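# Structural characterization, general
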Amino acid sequence: MPIGYAVWLSVHAMRVRGAGFGIRSEVFVGLENYAQTLGDGGLYGSLLRMLGYGLITVPTTMGLALLFALLLDAPRVGGRRYARLAIFLPYAVPGVIASLLWGFMYLPVVSPITKGLEAIGLPAPNFFGDTSIFFSVANIAIWGAVGFNMVVLFTALRAMPVELYDAARIDGCSEWQIAWKIKIPLLRPALVMTSTFSLIGMLQVFSEPTTLRPITNAITADWVPLMKIYQQAFVENDIYLGAATSVFLAGVTVLLSLAVLAIFRIRAARSER
């Protein structure tokens with residue numbers, strides 16, 4: 001229903017007819033809004049920034065989640081329950097609150113990181129530089145997302161038959177070899193799912209840069225596509241153009257998800273030969 005309504009809005013526009021102040025009425029404009037969206041250079045800039053953000057968040061999130069899941073699944077690991085809780089807990093913090101917390105960590109005036117480095121004579125990092133802002137925003141998302149993906153992967157690991165590991169140990173395999181040759185290949189379905197979730201999360205990034213925007217000039221009103229859609233629909237009051245941009249972004253999301261699934265299916269088919 002919401003998608004259908006967004007599509008309906010995207011092919012309409014508000015026009016003023018008549019002399020003087022005229023009468024505002026909603027008219028059908030076909031693909032006019034989509035043509036304006038595709039011709040907007042600002043949209044492509046926001047897509048590139050989102051891609052740069054994703055190149056940091058997706059591999060790092062998946063890598064840390066897989067590492068923590070394998071470490072927690074290893075034998076003779078103490079404090080497994082508390083470690084799981086500690087890694088998962090940041091996921092329970094809402095994105096806006098997490099962004100505010102990290103914003104105070106980044107702000108030079110109150111940042112304990114800046115003060116600590118200056119106290120030992122080291123230069124303080126600029127968290128809001130043109131390049132470093134990507135890492136600052138990505139850090140917030142990674143901090144929150146690793147725990148969820150770790151729990152999914154760890155749960156999948158615990159469901160695997162332990163006889164496979166026992167047989168591998170009898171054959172002389174080390175824990176590293178068991179993880180690389182047995183656990184990770186068997187985790188492929190869970191890795192596909194969490195990777196898809198991470199990609200969708202990349203395309204939906206909004207709360208982190210929006211929350212940080214008031215304290216830095218490095219984040220513009222259209223820094224990522226969802227911020228641009230918000231700007232069009234609720235600041236510029238053009239809900240029709242905003243709907244067209246959102247439908248376009250939804251299409252990109254579906255295509256990317258299908259592409260990831262296709263890549264994993266091809267790799268899985270090749271590995272089975």
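Rules of the game
Residues numbered from 1 in each chain as written. Predicted model: local features only at pLDDT ≥ 70, side-chain atom pairs only at ≥ 80, totals over all residues. Heavy atoms only, no water. Helix = DSSP H or I, 4+ residues; strand = E, 2+ residues; numbered from the N terminus. Rg over C-alpha atoms; globule rule 2.2 N^0.38 Å. Buried < 20%, exposed > 50% of the residue type's maximum accessible area, 1.4 Å probe, protein only. Contact = heavy atoms within 4.5 Å. Areas by Shrake-Rupley, 256 points an atom, 1.4 Å probe, with all protein chains shown as cover. Lys, Arg positive; Asp, Glu negative; His and termini not counted. Charge placed at Lys NZ, Arg CZ, Asp CG, Glu CD. Salt bridge = Lys/Arg side-chain N within 4 Å of Asp/Glu carboxyl O. Core = buried A, V, L, I, M, F, W, Y, C linked by side-chain atoms within 4.5 Å. Phe/Tyr/Trp six-rings, centres within 6.5 Å; stacked < 30°, edge-to-face > 60°. Polar contact = N/O pair within 3.5 Å; in protein donor to acceptor, adjacent residues only side chain to side chain. Axes fitted to C-alpha atoms, helices over the stretch in contact; angles between N-to-C directions. Parallel < 35°, antiparallel > 145°, perpendicular 65-115°, else oblique. Left-handed = near helix turned anticlockwise from the far one by under 90°. Nonpolar A, V, L, I, M, F, W, Y, C, P; charged D, E, K, R; others polar.

## Quick word on the overall build of the chain
When you go through the chain residue by residue, the secondary structure sums to 13 helices and two strands. Taking 2.2 N^0.38 as the reference for a compact globule, 273 residues should give roughly 19 Å; the C-alpha atoms of the chain span a radius of gyration of 24 Å, well beyond that estimate. C-alpha atoms of the chain, sized along the principal axes, occupy 90 × 60 × 25 Å. Out of the 273 residues belonging to the chain, those deemed buried represent 39%. Taking the intrachain contacts of the chain between residues at least 6 apart in sequence as the baseline, contacts between residues at least 24 apart amount to 63%. Split by element, the accessible area of the chain, about 15700 Å² in all, is 68% carbon and sulfur. Between the centroid of the 20 positive side chains of the chain and the centroid of its 15 negative side chains there is a distance of 5 Å.

## Examining the pattern of salt bridges
Applying the stated rule across the entire model yields eight salt bridges. A salt bridge links Arg 169 to Glu 175, with the nearest nitrogen and oxygen atoms 2.7 Å apart. The class of Glu 175 is partly exposed, set by a relative accessible area of 32%. The salt bridge partner of Lys 228 is Asp 222, with a shortest N-O separation of 4.0 Å. The network of salt bridges with common partners includes Asp 40, Arg 49, Asp 222 and Lys 228.

## Some points on the nonpolar core
Across soluble globular proteins, you tend to see nonpolar side chains buried next to one another. Counting residues in each nonpolar core, the largest one holds 53 residues, and the members touching the most others are Tyr 53, Ile 133, Leu 153, Leu 187 and Trp 223. Setting aside its immediate chain neighbours within four residues, Tyr 53 contacts Phe 134, Val 137, Ala 138, Ala 141, Met 202 and Val 205.

## Considerations on the packing of aromatic side chains
The full count for this structure, using the stated rule, is twelve aromatic pairs. With centroids separated by 6.1 Å and ring planes inclined at 90°, the aromatic side chains of Tyr 106 and Phe 128 adopt a geometry described as edge-to-face. Taken together, the residues Tyr 106 in helix α5 (residues 95-106) and Phe 128 in the loop between α6 (112-119) and α7 (132-158) connect sequence positions 22 residues apart. Phe 128 matches Tyr 106 in its accessibility class, with the two residues each being buried. Ring centres 5.2 Å apart and planes at 40° place the aromatic pair Phe 134 and Trp 223 in the tilted group. Here the residue Phe 134 occupies a position in helix α7, and Trp 223 occupies one in the loop between α11 (207-212) and α12 (225-235), the gap between them amounting to 89 residues. Taken individually, Phe 134 and Trp 223 each receive the classification buried, so the pair is uniform in this respect.

## Overview of the side chain of His 12
On the secondary structure map, His 12 appears in strand β1 (residues 12-17). Among the polar contacts listed, one links the side chain of His 12 to the backbone oxygen of Trp 8, at a separation of 2.6 Å.

## What about unusual backbone geometry?
One non-glycine residue, Asn 237, lies in positive phi territory at about 60°. Turning to its location among the elements, Asn 237 is positioned in the loop between α12 and α13 (239-271). Since its relative accessible area comes to 61%, Asn 237 is described here as exposed.

## Some words on the packing of helix α3 (residues 41-73) against helix α10 (residues 188-203)
For the pair α3 and α10, the least separation of the axes is 9 Å and the interaxial angle reads 150°. By the angle between their axes, α3 is roughly antiparallel relative to α10. Judged by the sense of rotation from one axis to the other, the crossing of α3 with α10 is right-handed. Along its contact with α3, which presents Met 50, Tyr 53, Gly 54, Val 58, Thr 61, Met 62 and Leu 66, the element α10 presents Leu 191, Thr 194, Ser 195, Ser 198, Leu 199, Met 202 and Leu 203. Looking at the contact of α3 with α10 residue by residue, the class counts come to nine nonpolar, five polar and no charged.

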